[in-house]
Every structure is written in C-alpha cells, then in structure tokens.
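Spelled out, the chains give:
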Amino acid sequence: MIYELFLPKKIVAGIGSFQRLSAETAQRKIKRPFIIYSRSAIASQLNSLKQELPNAYFYEISKGEPTTFELERALAKLGVNNCDGIIAIGGGSVIDLAKAMAVFAVNPNLSLNDIPYLTELHRLPFIAVPTTAGTGSEATKVTVITDEKLQKKLNPAHPSFIPDVVILDAILTVNVPPSVTSFTALDALTHAIEAFVSTKANAMSDFYAKEAISCISKNIETVFEHPNNIEARQQLLIGSFYAGIAFSNSSTNLAHATGRALGVKFHMPHGQCVALMHPFVIQYSLESAYERYEEIAKIIGLNGTQFLSGYLDELNRKQHIWKSAQQMAPLLTDEVIEQLAEQALSGNGILTNRKVPSNEDIEVIFKQLRKRLQIEGGIVEWQQCQVEK
C-alpha cells in the first residue's frame, strides 16, 4: 500500500514560539507581508508586531466565518498594497481566508470549484499562526468558504492550501472566549475521531488521529476548568494540529456533513454545530465501525464503545454546548429538518462514513438533536433521548 502524507514544510511549536514570526518571515523572503488577523486574539501583541514588521499591511477580519465577499474584499486590499506574502494570525476563519487569498492572488481567474482538479498550483508564501486549538486549518489542505449566493459552504481541497510555516504557541489562545475554546476543542476531537473511522483512513492518518484523541481528551476538561493552564493549552493546540493532519490525509464524515448544513442554516459557529451532531452520528455509525470506535474508547479511557456517545454528550453538557443551542429546538421543524438533510447529503462526508446514510437516516439524526435540545438544562439520562423516529 502506498500512502502520501501532506504536511506544512516547517513547524515551530512551543510556548513563546510566536516570537519567531519575524525571523520566519525573513527566511521566506517576504518583504511586504499581508497580515490577516483577529484582533481579539492578538490585541496585546499588535503594537509590538507592527514595530517588528514595519512594512506589513494589517487587515483585521470581520467576525464570522469567511465568505466569497470577504475573500474578494481582502484580495483587493492585498493587490493595492503590493503584498508578496501572507501571514494568518487567528482561528480557522482567518486561516481559511488566508489560504484562499494565497492561491487567488496568483491565480485570479480560477474559481473555488476549479482548484481540486489542478495538479500544480502556485501561490504566495504563506505562514499560519493559529490562535484557537480546534480547527486544525493550519495543517490541512482544505479551505472552507461560504458562497453567499448559493448559501452553501464550499470546501475545496488542494495541497497548495497547506502553509509553508506553522507556529504553534498556546500563549495566543489564552484570551479566546471560553465558548470558542470549547467549540474549537470539540471540533478538533471530532476531526480526529472521524479521520480514524473514515473509509479513507490509512496507517499514517491513523497515527496522527490516535495521538490527537489522546492529547485532546486528556486536556480538554483541564483547559475548560483552568483556562490559564498554559501547558494544557499547548497540548490541546498540538492535539488540534495532529487532528488537522489526520483528517487532511483521511477525511471527515457525517458529523461534519450535518454540522455544515446546520451552520449555514442558523449562522452558528462550525465547532458548535459539529459538537451538537457528533454524539448522534456515532450512534448511527457504531455498528459499521465497531472495532475502530472501540479503540477510540480505549484511548480516552472508557469502558467500551457504548459509553463513547455518552462521553461526548457529557462533554457537551459540561461545556454548555447543549444549553448554548436550546433556543434552536423550536426552529427545527420537520420542514427545516428535511432541508437540512438534503443539504447535508449534497456535501462532503457522506460517502466516507462507514455506513452511508439515506435522506431518512439523516432526518432521524436531526430529530434526535431536536429532542436533545428540548430537554431543559441539558441534564438528563442519556437513554432518554437516544432515538426519535
């Protein structure tokens, strides 16, 4: 069996490693960097960064996930300022937008749908500095951009989307709001689990998936309870990076397919949507990938696969994921669920699920979510909302 493993060319990891940014920029011969960033993540470092990189153009991304409109706007600013490289400092939205910018700055006549079919694709030099431990975007060959006209998330894949340099410094994650910390960490755990049970899983992706599951499960609750624990945050950041490698070289599955549909419909953060869907997807898929789920349970320290969905349900309860979406329950009408199922089926992650779902299967999964959200406070016995048909 022959495997290909796609990775960033250089990885700089450790507490305080952000200080290496200017040196890495110089090594890549970037003289006029376009720095796209999230202010909430680097507010305390912004002034010093402007002094270290005086020729840089700073572009603050608007809140929310990246769209085709935001991409066009950012590319216009990049062109006017004659920038010759891109540095992304932020969460998955910032890094995903930067990926697309690096490619389209050199290939303006392409579309997002063209990219997966090209063998060679030149782009601008690109450095990624994640400030959330969860999306794994800094490690992946995928970018996620919402097409506003189609009201659909596009997620083309190409090795050129992988950054030249990745800097992993947990200090940058400390000021992230608790909700974002939870959403992104649960997203990373889902990346790792889905990569491991994917039909495209291989020996290399398995290695990184299992390492990610171990790192994340051992530190996710510590970070939530003790947000200033930098060592735990660094482990979570490494775990997220490993998970990104895993699913970039394997794939995500049904939790992401249904989560993307939910996010587009209700304009909710991606990590939150994936965390909401994952327990029910595991219930649906369990028999088709029993041995793999059993191995995941052992890595986490659970006594059997029957507790894996319950473990994720409990994580969602502890980190207020169920409660954060309770207002959505009455909006999940049967008609809306039909629309969500149709949209989920049209996206990636269906055929890579070990058990390929029908439209009706996905509707049942969304109805399970509706039932779960109807439980006041999110504190019930797990068996009370197992199935709704």
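An account of the accompanying structure is given in this report. As the structure is a prediction and not an experimental result, all values here were calculated from the model. Here the residue numbering is sequential within each chain, running from 1 through the sequence in written order. Totals for whole chains, interfaces and linings use every residue, but because this is a predicted model, local features are given only for residues with pLDDT of at least 70 and side-chain atom pairs only at 80 or more, for both listing and counting. Note: side-chain values were computed over all heavy atoms of the structure, leaving out hydrogens and water.

## Observations regarding the nonpolar core
(1) Moving on: To qualify as a nonpolar core, a set must consist of buried Ala, Val, Leu, Ile, Met, Phe, Trp, Tyr and Cys residues joined through side-chain atoms within 4.5 Å. Only protein chains enter the area calculation, which uses a 1.4 Å probe; residues under 20% of their type maximum are buried, those over 50% are exposed, and those in between are partly exposed. Of all hydrophobic cores here, the largest spans 72 residues; its most connected members are L262, L276, M328, L332 and L369.
(2) Moving on: Numbering goes from the N terminus for both helices and strands, where a helix is a DSSP run of H or I of at least four residues and a strand is a run of E of at least two. Broken down by element, the residue count for this core peaks at 10 residues, all from helix α6 (residues 178–197).

## A few points about the pairing of strand β8 (residues 165–168)
(1) Moving on: Side-chain alternation along β8 places V165 and I167 on one buried face and V166 and L168 on a second face that is also buried.
(2) Moving on: Here 4 bridges tie strand β1 (residues 10–13) to β8, and the two strands are oriented parallel to one another. Bridging from a neighbouring strand, V12 pairs with I167 of β8. Two strands make a pair as long as DSSP finds a minimum of two bridges between them.

## What about unusual backbone geometry?
(1) Moving on: Within the chain, N82 stands out as a residue other than glycine whose phi angle is a positive 50°.
(2) Moving on: Relative to the assigned elements, N82 resides in the loop between α4 (68–80) and β4 (85–90).
(3) Moving on: On the accessibility criterion, N82 (60% relative accessible area) is exposed.
(4) Moving on: Of note, H320 is a non-glycine position whose phi angle comes to about 65°, a positive value.
(5) Moving on: Tracing the sequence through the fold places H320 in the loop between α12 (308–318) and α13 (321–324).
(6) Moving on: Among the residues examined, H320 registers a relative accessible area of 47% and is labelled partly exposed.

## Looking at the pattern of salt bridges
(1) Moving on: Any Lys or Arg side-chain nitrogen found within 4 Å of a carboxyl oxygen on Asp or Glu counts as a salt bridge. Overall, the coordinates contain 12 salt bridges when judged by the stated rule.
(2) Moving on: A salt bridge links K9 to D164; the shortest N-O distance between them is 3.4 Å. Of this pair, K9 sits in the segment before β1 while D164 is found in the loop between β7 (152–154) and β8, placing the two residues 155 residues apart along the sequence.
(3) Moving on: Judged by relative accessible area, D164 falls into the buried class, the value being 6%.
(4) Moving on: Here E24 makes a salt bridge to R20, at a shortest N to O gap of 2.9 Å.
(5) Moving on: We classify E24 as buried; its relative accessible area is 0%.
(6) Moving on: On the basis of relative accessible area, R20 is assigned to the partly exposed category, the value being 39%.
(7) Moving on: Several salt bridges share partner residues, and in doing so they unite K9, R123 and D164 into one network.

## A closer look at the packing of aromatic side chains
(1) Moving on: Only rings of Phe, Tyr and Trp enter the pairing, Trp through its six-membered ring, and a pair is recorded when the two centres are within 6.5 Å. The plane angle decides the type: under 30 degrees is stacked, over 60 is edge-to-face, the rest tilted. What the rule picks out here adds up to 7 aromatic pairs.
(2) Moving on: For the pair Y37 and F58, a centre-to-centre distance of 6.2 Å together with 75° between the ring planes defines the contact as edge-to-face. Taken together, the residues span a long stretch of sequence, with Y37 in strand β2 (residues 33–37) and F58 in strand β3 (residues 57–60) at a distance of 21 residues. A single burial state applies to Y37 and to F58, both of which are buried.
(3) Moving on: Arranged with centres 5.2 Å apart and planes meeting at 85°, the rings of F207 and Y208 form a pair that is edge-to-face.
(4) Moving on: Taking relative accessible area as the criterion, F207 reaches 47% and is therefore assigned partly exposed.
(5) Moving on: By relative accessible area, Y208 is classed as buried at 16%.
(6) Moving on: Following the ring pairs from residue to residue traces out a cluster consisting of F207, Y208, F241 and Y242.
(7) Moving on: Over the ring of F58 we find K50, and its NZ or CZ is 5.6 Å from the ring centre.
(8) Moving on: For a ring to carry a charge above it, either NZ of a lysine or CZ of an arginine must fall within 6 Å of the ring centroid while also lying within 35 degrees of the normal to the ring plane. Across the ring face of F196, the terminal group of R292 is positioned such that the distance to the ring centre comes to 4.3 Å.

None of this, on its own, says anything about what the molecule does.
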